[in-house]
Amino acid sequence: MRAGIIGAGIGGIATAIRLRNKGYEVEVFEANNYAGGKLSSFEQGAYRFDAGPSLFTMPQFVEELFELSGKPISQYFEYIRLPEVCRYFWEDGTRLNVSADTKEFAQEAEKQLGEPAGKIAKVLKDSAFKYEILSGLFLEDSLHKLSTWTSAKALRGYLNLHKLGIFNTMNAANEQFFSTPKAVQMFNRYATYNGSDPYQTPATLNIIPHLEYNIGAFFPKNGMYGITGSLVALAQDLGVKFHFNSRVKEIVADTKVKGLKIEKADDKQSEDFRVFDIVVSNMDITPTYRKLLPNAKHPEKLLSQPKSGSGLIFYWGIKKEFSELGLHNIFFSDNYKAEFEHQFQKKTIYHDPTIYLNITSKYKKDDAPAGSENWFILLNAPANDGQDWDKIIAEARQNVIAKLSRNLKTDIAPLIESESILDPRSIELRTSSVQGALYGNSSNNKFAAFLRHANFSSRIKNLYFVGGSVHPGGGIPLALSSAKIVGGMVEEV
Ligand code: FAD
């Protein structure tokens, strides 16, 4: 039996590994000349950068793929648990370095922010509880099978519905709970982990801190791209075939999948037809329907849902080292509410944006020359609606330089010796993600989980969907989880 996979994003690669383990002959067709989609890497002079994700949580989803394949993970992939989660900076001079030791974190939060240590401990416990109830239901199973809703896990969910934060926004819940605005802001930021707005998204998303604090934040020894590189190596060792520069043009199907039409790399006007028994699309669900299945019935309601936020990223080679910075650093906006209003209502970037600064050379020294650092700077940006991005980027760049220069008491501009920029337009172009959204559909409403496409087609037999634009959602762990769900649905051969 033959399986064709469209896209070598992390969801596509993980599915390839799972299907190969089920006995399929697996081929992956990737439009780019590299694997990983958003989770890729590039060099800029003497600097190396991870292009997209920078935070690695829930490594068990990666580990599982090696276990399943009977291969020792240590031969492919190494990672460490970070001793420090993040460094936070506020304009009034407040600083908070968050230790991975939750007791130390709570004590430091009390000292630096005035937030009672007991509240930090309690919120992390509550986050763990929410995760325990919700993960089995929303993250690990298909929501589109009756068995999910009649299981014991579901029953526990119904009984605890009132404790899950469904009826409150994240910000409202955090304001009711914490004593200080800075703690509210720190915990509101978790909405951005799936590209949503804490002033709209339900407090259910307060499960996210559990991942970072209780389970942990991790760093792959070869940088984030190490995840992609090691999984591609594993897949190849199992016999999965990757075809790069191979854009899929059509899924050929009637009521059942028949195969794929693939653009020829040397002649873009012509296509090859390849027969497959099953097809899995890792392409964003909207262009999967619009471009690859133009004649099928399209689930318009799901496809037209508002998209998650996108990002504006500056990759800077910085010819100086800053001891006050760590791997993950946040420089908060003075007006968080205004920042999200600009992102989601005005669809632009606020003049005082929260800056996320990631420096992998803090851990992986060869990512930057001696005495220098590779700065990955991410601003929350709206999805692409045809804004004047060149203007937005130019203004944002000036604001970022001014804010970092103020906070670090150093003129940053002359230290930037090389630069690349990624914006919602280029994200869309490189990965086919609609409007450059980082995490598929937005989670800004409480029904969002039900408004993502299922991991299978109910009309076309043997057609499946994986990745951040379908159930259970965006981010590396969820994209890997979608692959697990698909793997569980496909019969062994
Ligand atoms: P994608 O990465 O979207 O890849 C899809 C692949 O399909 C691409 O390679 C594309 O070229 C290919 N493709 C599309 N159409 C075709 C076609 N017709 N034929 C052949 N190939 C095709 N997540 C985290 O967990 N932590 C983070 O810190 C984090 N930060 C992020 C920061 C940025 C800047 C970005 C961009 C994303 C971030 N994310 C983060 C989100 C995470 O990267 C994604 O959710 C995840 O990588 C999506 O994987 P995917 O499987 O959906 O595939």
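Residues numbered from 1 in each chain as written. Predicted model: local features only at pLDDT ≥ 70, side-chain atom pairs only at ≥ 80, totals over all residues. Heavy atoms only, no water.

The protein chain goes by 1-hydroxycarotenoid 3,4-desaturase CrtD in an unreviewed UniProt entry, where it is assigned to Emticicia soli. In its Pathway (unreviewed entry) section, the UniProt entry covering the protein chain states "Carotenoid biosynthesis." According to the UniProt record, the Sequence similarities (unreviewed entry) comment for the protein chain reads "Belongs to the carotenoid/retinoid oxidoreductase family." (UniProt positions renumbered as here; feature names shortened; annotations may be inferred.)

Secondary structure assignment for the protein chain yields 16 helices and 19 strands. For a compact globule of 493 residues, the expected C-alpha radius of gyration is about 23 Å, and the protein chain comes in at 22 Å, within 12% of that figure. Taken across its 493 residues, the protein chain has 59% of its residues classed as buried. Sequence separation of at least 24 residues holds for 70% of the intrachain contacts in the protein chain that already meet a minimum separation of 6. As displayed, the protein chain offers around 19900 Å² of accessible surface, 51% of which is attributable to carbon and sulfur atoms. Side chains of the protein chain carry 57 positive and 55 negative charges; the gap between the two charge centres is 4 Å. (Helix = DSSP H or I, 4+ residues; strand = E, 2+ residues; numbered from the N terminus. Rg over C-alpha atoms; globule rule 2.2 N^0.38 Å. Buried < 20%, exposed > 50% of the residue type's maximum accessible area, 1.4 Å probe, protein only. Contact = heavy atoms within 4.5 Å. Areas by Shrake-Rupley, 256 points an atom, 1.4 Å probe, with all protein chains shown as cover. Lys, Arg positive; Asp, Glu negative; His and termini not counted. Charge placed at Lys NZ, Arg CZ, Asp CG, Glu CD.)

Bringing the domain arrangement of the protein chain into the picture now. Split into domains, the protein chain comes out as domain 1 (2-80 + 222-305 + 444-489) and domain 2 (101-215). The C-alpha-based centres of domain 1 and domain 2 are spaced at 29 Å. Each side of the interface is counted separately: domain 1 has 19 residues, and domain 2 has 20 residues. Contact between domain 1 and domain 2 buries roughly 1600 Å² in total, counting both sides, with carbon and sulfur atoms accounting for 68%. When residues of domain 1 are sorted by the area they lose upon contact with domain 2, Met58, Asn444 and Lys446 head the list and together hold 32% of the total. At the boundary of domain 1 and domain 2, one finds 0 salt bridges. Linking domain 1 with domain 2 are 1 residue pair in polar contact (both at pLDDT 80 or more), by the criterion used here. The dominant element in the side of domain 1 that touches domain 2, judged by the number of residues it contributes, is helix α16 (residues 476-489), at 4 residues. (Domains from an automatic or database assignment. Buried area = accessible area lost by both parts, 1.4 Å probe. Salt bridge = Lys/Arg side-chain N within 4 Å of Asp/Glu carboxyl O. Polar contact = N/O pair within 3.5 Å; in protein donor to acceptor, adjacent residues only side chain to side chain.)

Turning to the site of the ligand, a few remarks are in order. Around the ligand there are 33 residues in total, and Gly11, Glu30, Lys38, Gly468 and Gly475 lie nearest to it. Here Asn282 contributes a side-chain N or O atom positioned 2.9 Å from an oxygen atom of the ligand. Burial of the ligand by the protein amounts to 95% of the accessible area it has alone, namely 1000 Å². Counting only elements with at least two residues in the shell around the ligand, the list comes to α1 (10-21), α15 (424-431) and α16. (Near = heavy atom within 4 Å.)

With that settled, consider the packing of α1 against helix α10 (residues 225-238). Interhelical geometry of α1 versus α10 gives an angle of 25° and a closest axis separation of 10 Å. Classified by the angle their axes make, α1 and α10 are roughly parallel. With respect to the hand of their crossing, α1 and α10 are arranged in left-handed fashion. Across the interface between the two elements, Ile10, Ile13, Ile17, Arg20 and Asn21 of α1 pack against Ile227, Thr228, Leu231, Val232, Leu234, Ala235 and Leu238 of α10. In terms of residue class, the contact of α1 with α10 is made up of 9 nonpolar, 2 polar and 1 charged. (Axes fitted to C-alpha atoms, helices over the stretch in contact; angles between N-to-C directions. Parallel < 35°, antiparallel > 145°, perpendicular 65-115°, else oblique. Left-handed = near helix turned anticlockwise from the far one by under 90°. Nonpolar A, V, L, I, M, F, W, Y, C, P; charged D, E, K, R; others polar.)

Our focus in this paragraph is the pattern of salt bridges. Applying the stated criterion across every chain, the model contains 27 salt bridges. A salt bridge links Glu64 to Lys484; its shortest N-O distance comes to 3.1 Å. Of this pair, Glu64 sits in helix α2 (residues 60-69) while Lys484 sits in helix α16, placing them 420 residues apart in sequence. For Glu64, a relative accessible area of 22% corresponds to the partly exposed category. Take Lys484: its relative accessible area is 33%, and that puts it in the partly exposed class. Across the pair Lys337 and Glu341 runs a salt bridge, and its minimum N-O distance is 3.3 Å. One end of the pair is Lys337 and the other is Glu341, both in helix α13 (residues 336-344) and 4 residues apart, which spans about a single turn.

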